[in-house]
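Listed here are the chains, written in short residue letters.
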Amino acid sequence: MNWLRGAAVGAAAASASYVVGADCAYADALENRHSGFDPESLERGAKALREINASRFAKHVFELMRKQEDTRLAELDLDKSKNQAFQAHLDIEKQQKMAEEQRNLVQLQAQQKAQMARYEDELARKRLQTENEAQRQRNVELVKMQEEAAERKERARRATEEQIQAQMRQTEKERAELERETIRVKAMAEAEARAHEAKLTEEHNRRMLLEKMSGERDKWLAAINTTFSHIEGGLRGLLTDRSKLTMAIGGATALAAGIYTTREGARVTWGYINRILGQPTLIRESSIAKFPWSGIVSRAASKIYSVSAKATPSENKTNFENIILHPSLQRRIKQLARATENTKSHQAPFRNMLFYGPPGTGKTMVAREMARKSGLDYAMMTGGDVAPLSSQAVTKIHEIFDWAKKSRKGLLLFIDEADAFLCERNSTHMSEAQRSALNALLFRTGDQSRDIVLVLATNRPGDLDAAITDRIDEVIEFPLPREEERFKLLKLYLDRYICSKDDAGSWWNSIFNRNQQQMTIGSLSDDVIQEAAAKTEGFSGREIAKLMASVRAAVYAKPDCVLDTQLFKEIVDYKVAEHHQRLKLAANGAH
């Protein structure tokens, strides 16, 4: 065993020395290949081979060398295979890179072609636009040249006509201005003269009229007494003398003639008094009595009634409960009423107001209540009444303002439909009489007044003349009521038309209509009224009042006079359909 181990070690050592020697010989051979022939290396190699052959381990050495050589060849083959695989991988990457570069090149060429096509198309389009613009400019210049030539010809033709008509227009304009100025000065002079004359003769006329009325009354009373004395004597003699019967018939005829004459004389006398002392004909409604002594009984009755019913909160004149408006608008109205009241108490100039909005939204009612709250007298006129007066319109306007100054409290003058005669003076539809009436109103409202509050109401505020709007201090819009206001209005008119028993006239009704049947409300809840308020979108306050008047008429048509939910809904649906139909007809008429 030791021998074998020693042999192996020796063979290994020999092989190692051989290998070293072979390597050295190989290295020397390589070096000699480059530097020249060296025989010593060959000798050393031969010597090593001889030693190996002489050794007893030669077979093992050669076997080991053969294995080492096989191992080295296998390693070389493996390295060669790796090198081939690496070279193949490099070739594949190179081909992929070449394919990617080829694909990028194709895409780049395609993009360049597309950009070139777009550029050429853009150039062609710009070239076409340039040509079209140039052609259009040439056409415009040609048309302009033609128009200028035609205009030069037209100017040359009209020059002579304008020169001829210029003097005529100037003359006509001067004549019209002179006529307008003459009319204005004449109207102002007449108005001032009439106002001065009225102030001078008012007390004298009143005294003379009262004396005349007293004399007429005494004369007619004496005539009536004499007539009745003759009738009494005639009746006594009628029973005894037949001839006196004829005289009795004649006396009766004379009595009838006297009564007729008295009636006609009284009518003429009162007409004359009304013309001298009464309110102007343009005033449709007023809180001022027509004559100084008239209205005493009605005022006393109203005071007695107010004292007997003063506990009801609805008569508090500071709250405007009977007027349902938007809360912000109602607060504004109350502020204006208080401001007007304080202005009156401090003797300061009043502020004029403009109310505008759709019809039936409460403009007239608010003006009346504002006058009552402020402690002023109230008078209403309509702008549509001015146009038919023609040349008398100026006189009537001055009469209104002269009459308004007679109020000791101050007067709130409400002009409804103000745009009917206060429209823009440049309007072609405005007559000379309307323009003169507008100028008269402007003359009387030029300065702030301590006697008159002017309140204008219109549905078309844009049509008013600029001078009129310049005299307005407060502008208030009255819109259509919202659902909340419509619910309150329905409740208000339901209480007024159905539930209320009209306390002011109940004692008259108790005398003349003893068996009058009262209306009652059956199953009608607030939810039903709220539903009706939602349905009546676009209704004004006046339309809601008319709706409730229709409900009242429908209740009167029932034998039991009971208002139930079904009847109320039927009337509401009918009125809503009628409202929509009216709007449709109005829209068709506008087109």
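Preceding block: the structure.
Residues numbered from 1 in each chain as written. Predicted model: local features only at pLDDT ≥ 70, side-chain atom pairs only at ≥ 80, totals over all residues. Heavy atoms only, no water.

Looking at a nonpolar patch on the surface
Here is step 1 of the chain: A surface patch of nonpolar side chains, about 310 Å² in accessible area, is lined by M116, Y119 and L123.
Here is step 2 of the chain: Assignment of secondary structure puts M116 in helix α3 (residues 58-238).
Here is step 3 of the chain: In this structure M116 comes out as partly exposed when scored by relative accessible area, which is 47%. (Patch = residues over 30% accessible without salt bridge, like charges linked within 9 Å, V, L, I, M, F, W, Y side chains within 5 Å. Areas by Shrake-Rupley, 256 points an atom, 1.4 Å probe, with all protein chains shown as cover. Salt bridge = Lys/Arg side-chain N within 4 Å of Asp/Glu carboxyl O. Helix = DSSP H or I, 4+ residues; strand = E, 2+ residues; numbered from the N terminus. Buried < 20%, exposed > 50% of the residue type's maximum accessible area, 1.4 Å probe, protein only.)

Examining the pattern of salt bridges
Here is step 1 of the chain: Taken as a whole, this structure holds 34 salt bridges when the rule is applied.
Here is step 2 of the chain: Ionic pairing is found between E485 and R482, a salt bridge with its closest N-O pair at 3.1 Å.
Here is step 3 of the chain: Taking the relative accessible area as the measure of exposure, E485 reaches 3% and is therefore buried.
Here is step 4 of the chain: Using a relative accessible area of 38% as the deciding quantity, one classes R482 as partly exposed.

Notes on the side chain of S374
Here is step 1 of the chain: As for its placement among the helices and strands, S374 is situated in helix α7 (residues 363-374).
Here is step 2 of the chain: If near-sequence neighbours (up to four positions away) are discounted, S374 is found in contact with A337, T340, E341 and K344. (Contact = heavy atoms within 4.5 Å.)

Some words on the nonpolar core
Here is step 1 of the chain: Counting residues in each nonpolar core, the largest one holds 33 residues, and the members touching the most others are M381, L413, I415, F421, L422 and L456.
Here is step 2 of the chain: Mapped by element, the contributors of at least two residues to this core are β3 (377-382), α8 (393-404), β4 (411-416), α9 (432-444), β5 (452-458) and α10 (466-470).
Here is step 3 of the chain: The element best represented in this core is α8, accounting for seven residues.
Here is step 4 of the chain: With sequence-adjacent residues up to four places away left out, F421 is seen in contact with G383, V386, I397, I415, M430, Q434, A437, L438 and L441.
Here is step 5 of the chain: If you look at the next biggest cluster of nonpolar residues, it comprises 28 residues, including L524, I544, M548 and V572. (Core = buried A, V, L, I, M, F, W, Y, C linked by side-chain atoms within 4.5 Å.)

Let's talk about the side chain of T343
Here is step 1 of the chain: Counting through the fold element by element, T343 comes out in helix α6 (residues 327-345).
Here is step 2 of the chain: Non-local contacts of T343, meaning those with residues more than four positions away in its chain, are made with A348, P349 and F350.

Notes on the sheet that holds strand β1 (residues 283-286)
Here is step 1 of the chain: If you walk across this open sheet you meet the six strands as β1-β3-β4-β5-β2-β6, and the pairing is mixed. Each end of this open sheet is capped by a strand with a single partner; those strands are β1 and β6 (474-477). When the angles between neighbouring strand axes are averaged without regard to direction, this sheet yields 20°.
Here is step 2 of the chain: Taken together, the four bridges between strand β2 (residues 353-356) and β5 define a ladder with parallel strand orientation. Looking across to β5, one finds that F355 is bridged to A457.
Here is step 3 of the chain: Sitting on the sheet, α7 is in contact with β1, β2, β3, β4 and β5, with an inclination near 175° to β4.
Here is step 4 of the chain: Running over the sheet, α8 touches β1, β3, β4 and β5 and is turned about 155° from β4. (Pairing = 2+ DSSP bridges. Axes fitted to C-alpha atoms, helices over the stretch in contact; angles between N-to-C directions.)

Focus: the pairing of β3
Here is step 1 of the chain: Of all the six residues making up β3, six are buried; the element is thus mostly covered by neighbouring parts of the structure.
Here is step 2 of the chain: Side-chain alternation along β3 places D377, A379 and M381 on one buried face and Y378, M380 and T382 on a second face that is also buried.
Here is step 3 of the chain: Sheet topology note: the β1/β3 ladder contains three bridges and is antiparallel. Considered in β3, the bridge of E285 is made with M380.
Here is step 4 of the chain: When β3 meets β4, the two strands line up parallel, connected through six bridges. Residue pairing across strands places M381 opposite I415, the latter belonging to β4.

Some points on the packing of aromatic side chains
Here is step 1 of the chain: Summed over all chains, the structure comprises two aromatic pairs.
Here is step 2 of the chain: Here the guanidinium or amino end of R552 rests over the ring plane of Y497, the centre of that ring lying 4.6 Å away. (Phe/Tyr/Trp six-rings, centres within 6.5 Å; stacked < 30°, edge-to-face > 60°. Lys NZ or Arg CZ within 6 Å of the ring centre and 35° of its normal.)

Some words on the pairing of β5
Here is step 1 of the chain: Taking burial as the measure, the seven residues of β5 include seven buried ones, the bulk of the element.
Here is step 2 of the chain: Neither face of β5 is open: one carries I452, L454, L456 and T458, the other V453, V455 and A457, and all of them are buried.
Here is step 3 of the chain: Two elements, β4 and β5, share five bridges in a ladder whose sense is parallel. Paired with L413 across the bridge in β5 is L454.

Regarding unusual backbone geometry
Here is step 1 of the chain: In this structure, S390 takes a positive phi of about 55° despite not being glycine.
Here is step 2 of the chain: Positionally, S390 belongs in the loop between β3 and α8.
Here is step 3 of the chain: Of note in the backbone geometry, C561 takes a positive phi value of approximately 55° without being a glycine.
Here is step 4 of the chain: Of note, C561 is situated in the loop between α14 (541-557) and β8 (562-563).

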